[in-house]
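Architecture at a glance
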Amino acid sequence: MQNFIEISDVSKTYWSEDGKTETKVVLPLSMTIAEGEMVMFLGPSGCGKTTLMRIIGGLETQDHGEIHLQGERLAGPDRRRGMVFQSYSSFPWLSVRDNIKFGTRYRKDISAQEKEEVTDHYMNMVGLTRYADFYTNRISGGMRQRVAIARTLASSPKVLLMDEPFGALDAQTREYLQLQLMDINAREKKTTVFVTHDVEEAILLASRIVIFSSRPARIVKEIRVDDLIPPESRRDGSLDMETFMALRADILKIIRAEYAHTLEDT
Ligand SMILES: Nc1ncnc2c1ncn2[C@@H]1O[C@H](COP(=O)(O)OP(=O)(O)OP(=O)(O)O)[C@@H](O)[C@H]1O
Ligand SMILES: [Mg+2]
């Protein structure tokens, strides 16, 4: 079977402005992602997760290696990959509703009427219907992040790239959106790559967890969570807590060991 996303020997090095010092951020790294998978990236701060996501999204160019989407080599960004960034991104000159509607702008698979419905659907999903007419410089940071999430979902990309999308949200909103994303994933089987620092979030959402080393990023461990904790049990809360806690402890141990390397380097 053809891999949906194929990352082959991708590497990236940043050079200082004077060109004298190099920072290797991503080692030659290879991985494949199947259609419908929800892959969670975990790893120490500064290891290169955002860089790798930006490369997958076509926003950054790798030095070597290739990325294929459905067998086609990717060069530069396009609308097949929708990205939610670590920090808030919205258009302050547009209302909440128009920001979200912007996501539907280039969709050819739905009518103008359906674009309105999709906009309302995701605006409601992220709990912002009451703020539909507010400009986004008049709402809180967490609300702006929800706008960005809704806009990306409304654009219905083939691949959803989410870089700590819930990092800045309060605990209740975060939990609510995690559940929404689990539902979307179960319903639409949207191929998703998701970066988080939250181990519990990773276990709840993942079909697979990929743990990276300290910089330069290499894969230290991959865990197929679906094989350990059935996704339905995570959605309805009936999961086996002992398995969950054991897995959490295992992952934390690996990350702590990698984090220790990060401290040694600085
Ligand atoms: N444009 C750039 N120019 C030079 N160095 C960069 C650039 N972008 C990132 N870096 C460096 O690359 C390394 C990896 O950064 P990256 O943002 O990918 O890490 P991360 O894993 O996403 O970290 P975090 O978990 O804190 O978000 C860091 O050391 C960072 O300083
Ligand atoms: Mg990052």
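Residues numbered from 1 in each chain as written. Chains lettered and ligands numbered in written order. Predicted model: local features only at pLDDT ≥ 70, side-chain atom pairs only at ≥ 80, totals over all residues.

**Some thoughts on the overall build of the protein**
Spelled out, the test is: We count a stretch as a helix when DSSP gives it H or I for four or more residues in a row; a strand needs E for two or more, and each element gets its number in order from the N terminus. The quantity called the radius of gyration is restricted to C-alpha atoms. Its globule counterpart is 2.2 Å times the number of residues to the power 0.38. With C-beta atoms placed from the backbone, a residue counts as buried when 20 or more other C-beta atoms lie within 10 Å of its own, as exposed when 12 or fewer do, and as partly exposed for counts between those limits.
Of the regular secondary structure elements, the protein holds nine helices and ten strands. Computed over its C-alpha atoms, the radius of gyration of the protein comes to 19 Å, within 12% of the 18 Å expected for a compact globule of 266 residues. Along the first, second and third principal axes, the C-alpha atoms of the protein reach 50 × 50 × 40 Å. Out of the 266 residues belonging to the protein, those deemed buried represent 38%.

**What to know about the domain arrangement of the protein**
A common way to state how big an interface is: give the accessible area lost once the parts meet. Note the cut-off: Domain boundaries shown here were taken from an automatic or database domain assignment.
As assigned here, the protein comprises domain 1 (1-80 + 157-228 + 252-266) and domain 2 (90-147). Each of domain 1 and domain 2 has a C-alpha centre, and the two are 26 Å apart.

**Description of the site of ligand 1**
Quick reminder of the rule: Nearness between a residue and a molecule or strand is assessed with a C-beta atom placed from the backbone; a distance within 6 Å qualifies. Residue polarity is assigned by list, with Asp, Glu, Lys and Arg as charged and Ala, Val, Leu, Ile, Met, Phe, Trp, Tyr, Cys and Pro as nonpolar; anything else, Gly included, falls into the polar class.
Within the structure, ligand 1 sits among 13 residues, and Y14, S45, K49, T50 and T51 are positioned closest to it. Within the residue set of the shell around ligand 1, elements represented by two or more residues are β2 (22-33) and α1 (49-56). The element best represented in the shell around ligand 1 is α1, accounting for three residues. Residue composition of the shell around ligand 1, by class: three nonpolar, eight polar and two charged.

**Notes on the sheet that holds strand β3 (residues 38-42)**
Which entries qualify depends on this criterion: Pairing between two strands requires that DSSP report at least two bridges joining them. Structural elements are reduced to axes, namely lines fitted to C-alpha atoms, with helices fitted over the stretch in contact, and the angle between N-to-C directions of any two is expressed from 0 to 180 degrees.
Spatially, the six strands line up as an open sheet ordered β6-β7-β8-β3-β9-β10, and their pairing is mixed. The open sheet has two free edges, formed respectively by β6 (81-84) and β10 (219-223), since each of these has just one partner strand. Strand after strand, the sheet turns through a mean of 15° between neighbouring axes, direction not considered. By the bridge criterion, four bridges tie β6 to strand β7 (residues 159-163) in an arrangement that is parallel. Its bridge partner lying in β7, M83 is registered against L161.

**Points about the pairing of β2**
Both strand β1 (residues 5-15) and β2 contribute to a ladder of eight bridges, which runs antiparallel. Within β2, the residue paired with W15 across the bridge is E22.

**Regarding the pairing of strand β4 (residues 64-69)**
The sheet contact formed by β1 and β4 spans five bridges and is antiparallel. The residue of β4 that forms the bridge with I7 is I67. Strand direction decides the pairing type here: β4 and strand β5 (residues 72-73), joined by two bridges, are antiparallel. When the bridges of β5 are listed, L69 appears paired with E72. What sits between the antiparallel neighbours β4 and β5 is a turn of two residues, in which Q70 has the positive phi angle 45°.

**So, unusual backbone geometry**
Here the residue pair R215 and P216 is connected by a cis peptide bond, since its omega of -5° sits within 30 degrees of zero. Tracing the backbone through its elements, the reader meets P216 in the loop between β9 (208-212) and β10. For Q70, which is not glycine, the phi torsion reads 45° and is therefore positive. Mapped onto the secondary structure, Q70 falls in the loop between β4 and β5. Judged by local crowding, Q70 falls into the partly exposed class, with 13 C-beta atoms found within 10 Å. At S156, a residue that is not glycine, the phi angle is positive and equals roughly 50°. Within the secondary structure, S156 is located in the loop between α4 (141-154) and β7.

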